[in-house]
Amino acid sequence: MITGHTKTLAILADPVTHVRTPQALNARFEAEGVDAVLVPLEVPPAALAPMLKGLAGARNFAGAVVTVPHKTAVPALCDALSARAAAAQSVNVIRRRPDGALYGDILDGEGFVRGLEQAGVTLLGKRVFLAGAGGAASAIAFALAERGIAALTVANRSVEKSEALIARLAAHFPDVGFAAATDPTGHDIAINGTSLGLKPEDALPFDPDTLDPGTLVAEVIMQPEITPLLHAAEARGLMIHPGHHMLEAQLTEMLRFLTHEEEQQ
Ligand SMILES: NC(=O)c1ccc[n+]([C@@H]2O[C@H](COP(=O)([O-])OP(=O)(O)OC[C@H]3O[C@@H](n4cnc5c(N)ncnc54)[C@H](OP(=O)(O)O)[C@@H]3O)[C@@H](O)[C@H]2O)c1
């Protein structure tokens with residue numbers, strides 16, 4: 001039951017009707033006896049800054065989940081960021097500190113790599129191809145580098161974004177071999193970190209026919225579960241890893257972040 005003691009959390013999105021995080025997280029709060037509630041707030045971009053300023057003034061506002069289209073606007077509106085949020089220049093969770101300061105973090109990458117690890121994939125020493133350099137892809141790149149991959153090739157439509165991402169990551173992870181290139185040949189894992197695959201008419205983010213036999217093909221897209229990329233990869237006999245693993249692993253990370261006090265700097 002919601003009482004005056006309940007920690008109030010929000011998800012900030014525009015539109016908000018399609019989000020599934022409220023049902024998923026509220027069910028976890030109930031199952032785990034956490035006195036918190038997460039409510040959907042449809043916030044247009046122009047209202048984001050005053051909305052966050054106002055929420056930070058409410059002492060029982062505990063934090064928020066941030067999603068499309070706000071993830072890249074929120075870093076500038078936070079008082080402090082985790083290292084990975086600063087590197088990805090993207091935030092998908094905010095915690096309100098007791099003094100009203102807002103601390104932003106990004107869990108997309110951690111959720112993605114935990115999803116892979118829970119499926120039995122080892123990342124240490126692997127050569128990884130990543131399509132995309134937006135918020136999700138940047139966070140995934142950071143988390144992969146944290147796990148000690150040997151090499152990361154980033155391919156993005158806007159090349160200046162992949163090059164900027166690589167420059168930020170290389171400063172943190174000197175032992176990883178980074179490259180901005182579009183050829184997915186010669187990698188152990190190939191990841192779609194773009195929004196390509198959401199719409200039936202979308203082009204493939206990369207050509208699975210050019211992958212080495214044995215390459216694992218992984219997705220961030222959750223709907224459809226088997227995207228055209230994953231279909232094509234399966235048809236070639238490659239192993240696949242759908243996007244729902246990332247969300248499931250991330251819910252646990254969100255629960256911990258939004259209801260516990262420790263912070264990753
Ligand atoms: N499974 C999960 O738990 C989970 C979590 C978070 C996000 N996601 C999914 O991840 C996707 C990306 O989210 P995001 O937050 O990273 O979005 P974003 O910051 O807007 O980035 C979008 C990425 O897709 C690329 N892109 C978009 N349209 C393209 C096109 N027509 N051709 C080539 N590249 C294109 C963009 O390239 P440019 O830089 O050139 O624009 C950019 O790299 C979303 O579809 C979302 O559903 C899934």
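- Identification of the protein chain as shikimate dehydrogenase (NADP(+)) from Nereida ignava is taken from an unreviewed UniProt entry.
- Looking at the protein chain in UniProt, the text filed under Pathway (unreviewed entry) is "Metabolic intermediate biosynthesis; chorismate biosynthesis; chorismate from D-erythrose 4-phosphate and phosphoenolpyruvate: step 4/7."
- The UniProt entry for the protein chain carries the following comment under Catalytic activity (unreviewed entry): "shikimate + NADP(+) = 3-dehydroshikimate + NADPH + H(+)".

**A word on helix H4 (residues 108-118)**
Now for step 1: Within H4, eight of the eleven residues are buried, which leaves it mostly tucked inside the rest of the structure.
Now for step 2: Asp108, Gly109, Glu110, Gly111, Phe112, Val113, Gly115 and Leu116 are the residues of H4 that are buried.
Now for step 3: Glycine 120 sits one or two positions beyond H4 and adopts a positive phi of about 90°.

**Things to note about the packing of H4 against helix H5 (residues 135-146)**
Now for step 1: Taken N-terminus to C-terminus, the directions of H4 and H5 make an angle of 55°; their axes are 7 Å apart at the nearest point. Considering their axes alone, H4 and H5 lie oblique with respect to each other. Regarding H4 and H5, the two cross each other, and that crossing is right-handed. Note on element contacts: H5 touches H4 through Ala136, Ala139, Ile140, Ala143, Leu144 and Glu146, opposite Asp108, Gly109, Glu110, Phe112 and Val113.
Now for step 2: In terms of residue class, the contact of H4 with H5 is built from seven nonpolar, one polar and three charged.

**Quick look at the side chain of arginine 84**
Now for step 1: The residue arginine 84 is located in helix H3 (residues 83-88) in this model.
Now for step 2: There is a polar contact of 2.8 Å between the side chain of arginine 84 and the side chain of aspartate 105.

**Focus on the sheet that holds strand E7 (residues 127-131)**
Now for step 1: The six strands are arranged E9-E8-E7-E10-E11-E12 in an open sheet whose pairing can be described as parallel. Each edge of the open sheet is held by one strand with a lone partner, namely strand E9 (177-180) and strand E12 (239-241). Averaged over all neighbouring strand pairs, the angle between strand axes comes to 20°, with direction disregarded.
Now for step 2: Judged from the three bridges that link them, strand E11 (residues 216-219) and E12 form a sheet pairing that is parallel.

**Regarding the site of the ligand**
Now for step 1: Lining the immediate surroundings of the ligand are 22 residues, of which Ala136, Asn156, Arg157, Ser158 and Lys161 lie closest.
Now for step 2: Interatomic distance of 3.1 Å between a backbone N/O atom of glycine 243 and a nitrogen atom of the ligand.
Now for step 3: Leucine 247 is positioned such that a nitrogen or oxygen atom in its backbone is 3.3 Å from an oxygen atom of the ligand.
Now for step 4: Contact with the protein chains hides 76% of the accessible area of the ligand, taken as 930 Å² for the molecule alone.

Each value, and the rule that gives it
- Residues numbered from 1 in each chain as written.
- Predicted model: local features only at pLDDT ≥ 70, side-chain atom pairs only at ≥ 80, totals over all residues.
- Heavy atoms only, no water.
- UniProt positions renumbered as here; feature names shortened; annotations may be inferred.
- Buried < 20%, exposed > 50% of the residue type's maximum accessible area, 1.4 Å probe, protein only.
- Helix = DSSP H or I, 4+ residues; strand = E, 2+ residues; numbered from the N terminus.
- Axes fitted to C-alpha atoms, helices over the stretch in contact; angles between N-to-C directions.
- Parallel < 35°, antiparallel > 145°, perpendicular 65-115°, else oblique.
- Left-handed = near helix turned anticlockwise from the far one by under 90°.
- Contact = heavy atoms within 4.5 Å.
- Nonpolar A, V, L, I, M, F, W, Y, C, P; charged D, E, K, R; others polar.
- Polar contact = N/O pair within 3.5 Å; in protein donor to acceptor, adjacent residues only side chain to side chain.
- Pairing = 2+ DSSP bridges.
- Near = heavy atom within 4 Å.
- Areas by Shrake-Rupley, 256 points an atom, 1.4 Å probe, with all protein chains shown as cover.

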